[in-house]
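A closer look at the structure
Below, each chain spelled out in residue letters.
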Amino acid sequence: DSGVTQTPKHLITATGQRVTLRCSPRSGDLSVYWYQQSLDQGLQFLIQYYNGEERAKGNILERFSAQQFPDLHSELNLSSLELGDSALYFCASSSTGGANSPLHFGNGTRLTVT
Amino acid sequence: AQSVTQLGSHVSVSEGALVLLRCNYSSSVPPYLFWYVQYPNQGLQLLLKYTTGATLVKGINGFEAEFKKSETSFHLTKPSAHMSDAAEYFCAVSDQNNDMRFGAGTRLTVKP
C-alpha cells in the first residue's frame, strides 16, 4: 500500500460531461502529481503541485484543470469530455517534490467516456 | 527536455534466466533516474533510483541498475527471474524542472 488514495476507482460518463477525480497524498507528502496512462500515449505527465502551488506543467489540455487544497488533497477536473480522454488517471505524491524524490502512486481512476 | 527510451516493449525470459531491461535517457543536465514496476490493476511502485554517487544501484526484489553516463544508459537487471517478476517496468528521468518523464514501458513475461 503506497498510502496514496484515489477516488473513485472507476468512472463511466458520456461525451461532453465533466468529472472530478480526487487524490489524497501519502501522509507527510507535500507534492502531488497527476499522470494519464493510455495504451497509445503511455504514461503522460499532466501537472504537479507543491504545498498548494502549481510547480510544473506537462501535457495537460486546457479542458483539464487541477488544484491542491490546504489539507494537501488534490482534485483533477476534466471537462467537455471526449472519447479520447478514456484512460487511467494516476495521482502520485512525493515528500518534497524535488527532482530526486521518488513518487508514490495511487491505484488510479479508470475513466471511460462513452 | 529530458526523455527516456526503453528498448523492447515486450521481453520474455524463462524462470531462472537473466532479466535485462534496457533504458536510454536524454538529458541536458545530470539526470535523476528511476525504475518503477506496475502490476496489473495497480499503480507504479519504485524499484530503485539513481541520484548521485555509486553508479550501481540496488533495488527491491533483487533488481539492480547501472548508470553509465558515457552510454546514457540505465539498464535494469536481475540475475534470476521469478514468476512473480512478470509485470510492466518503466524507466523514468527527472531533472531540475521537476517533471518526471516515463518511458513507454517494457512488459516482462516469465515462462515456467
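See the structure above.
Anyway, here's the lowdown on the structure attached to this text.

Each value, and the rule that gives it
- Residues numbered from 1 in each chain as written.
- Chains lettered and ligands numbered in written order.
- Predicted model: local features only at pLDDT ≥ 70, side-chain atom pairs only at ≥ 80, totals over all residues.
- Heavy atoms only, no water.
- Contact = heavy atoms within 4.5 Å.
- Buried area = accessible area lost by both parts, 1.4 Å probe.
- Salt bridge = Lys/Arg side-chain N within 4 Å of Asp/Glu carboxyl O.
- Polar contact = N/O pair within 3.5 Å; in protein donor to acceptor, adjacent residues only side chain to side chain.
- Helix = DSSP H or I, 4+ residues; strand = E, 2+ residues; numbered from the N terminus.
- Nonpolar A, V, L, I, M, F, W, Y, C, P; charged D, E, K, R; others polar.
- Pairing = 2+ DSSP bridges.
- Axes fitted to C-alpha atoms, helices over the stretch in contact; angles between N-to-C directions.
- Core = buried A, V, L, I, M, F, W, Y, C linked by side-chain atoms within 4.5 Å.
- Buried < 20%, exposed > 50% of the residue type's maximum accessible area, 1.4 Å probe, protein only.

**Side note on the interface of chain A and chain B**
Taken together, the contacts link 20 residues of chain A with 20 residues of chain B. Taken over both partners, the interface formed by chain A and chain B buries close to 1,600 Å², and the fraction arising from carbon and sulfur atoms is 58%. The largest share of the area that chain A buries against chain B comes from Leu43(A), Ala99(A) and Asn100(A), three residues that together contribute 32% of it. The interface formed by chain A and chain B contains zero salt bridges. The interface formed by chain A and chain B contains five residue pairs in polar contact (both at pLDDT 80 or more). Mapped by element, the contributors of at least two residues to the side of chain A that touches chain B are β4 (31–38), β5 (42–50) and β6 (53–57) of chain A. Considering only residue class, the side of chain A that touches chain B consists of ten nonpolar, nine polar and one charged.

**Some details on the sheet that holds strand β7 (residues 64–68) of chain B**
Residues and elements named next belong to chain B. A sheet is described by the order of its strands in space; here five strands give the open sequence β1-β3-β8-β7-β6, paired in antiparallel fashion. A strand with exactly one partner marks an edge of an open sheet, and here the two such strands are β1 (3–7) and β6 (56–58). When the angles between neighbouring strand axes are averaged without regard to direction, this sheet yields 20 degrees. One ladder, built from five bridges, connects β7 with strand β8 (residues 73–78); its direction is antiparallel. The partner of Glu64 across the bridge, within β8, is Thr77.

**Overview of the nonpolar core**
Among the nonpolar cores identified, the biggest contains 27 residues, and Trp35(B), Leu47(B), Leu48(B), Phe74(B), Leu76(B) and Tyr89(B) are the most heavily contacted of them. Where this core is concerned, the elements lending two or more residues are β2 (10–14), β3 (19–26), β4 (32–38), β5 (44–50), β7, β8, β9 (87–94) and β11 (106–111) of chain B. In contact with Phe74(B), not counting residues within four places along its chain, are Cys23(B), Leu33(B), Phe34(B), Trp35(B), Leu48(B), Tyr50(B), Ala65(B), Glu66(B) and Phe67(B). Residues Leu11(A), Leu46(A), Ile60(A) and Leu78(A) belong to the second largest nonpolar core, which totals 21 residues.

**Concerning unusual backbone geometry**
For the peptide bond that leads from Thr7(A) to Pro8(A), omega is -10 degrees, which places it in the cis range. In this fold, Pro8(A) is placed in the loop between β1 (5–7) and β2 (10–13). Even without glycine at this site, Asn51(A) takes up a positive phi of about 50 degrees. Position of Asn51(A) among the secondary structure elements: in the loop between β5 and β6. Even without being a glycine, Thr72(B) presents a positive backbone phi close to 45 degrees. Inspection of the secondary structure assignment puts Thr72(B) in the loop between β7 and β8. Taking the relative accessible area as the measure of exposure, Thr72(B) reaches 31% and is therefore partly exposed.

**Thoughts on the side chain of Ser93(A)**
All names here are of chain A. By the secondary structure assignment, Ser93 is in strand β9 (residues 87–94). Here Arg26 takes part through its backbone nitrogen, which lies 3.3 Å from a polar atom of the side chain of Ser93. A polar side-chain atom of Ser93 sits 2.7 Å from a polar atom in the side chain of Asp29. Among residues more than four places away in sequence, those in contact with Ser93 are Val4, Pro25, Arg26, Asp29, Ser31, Val32, Pro102, Leu103 and His104.

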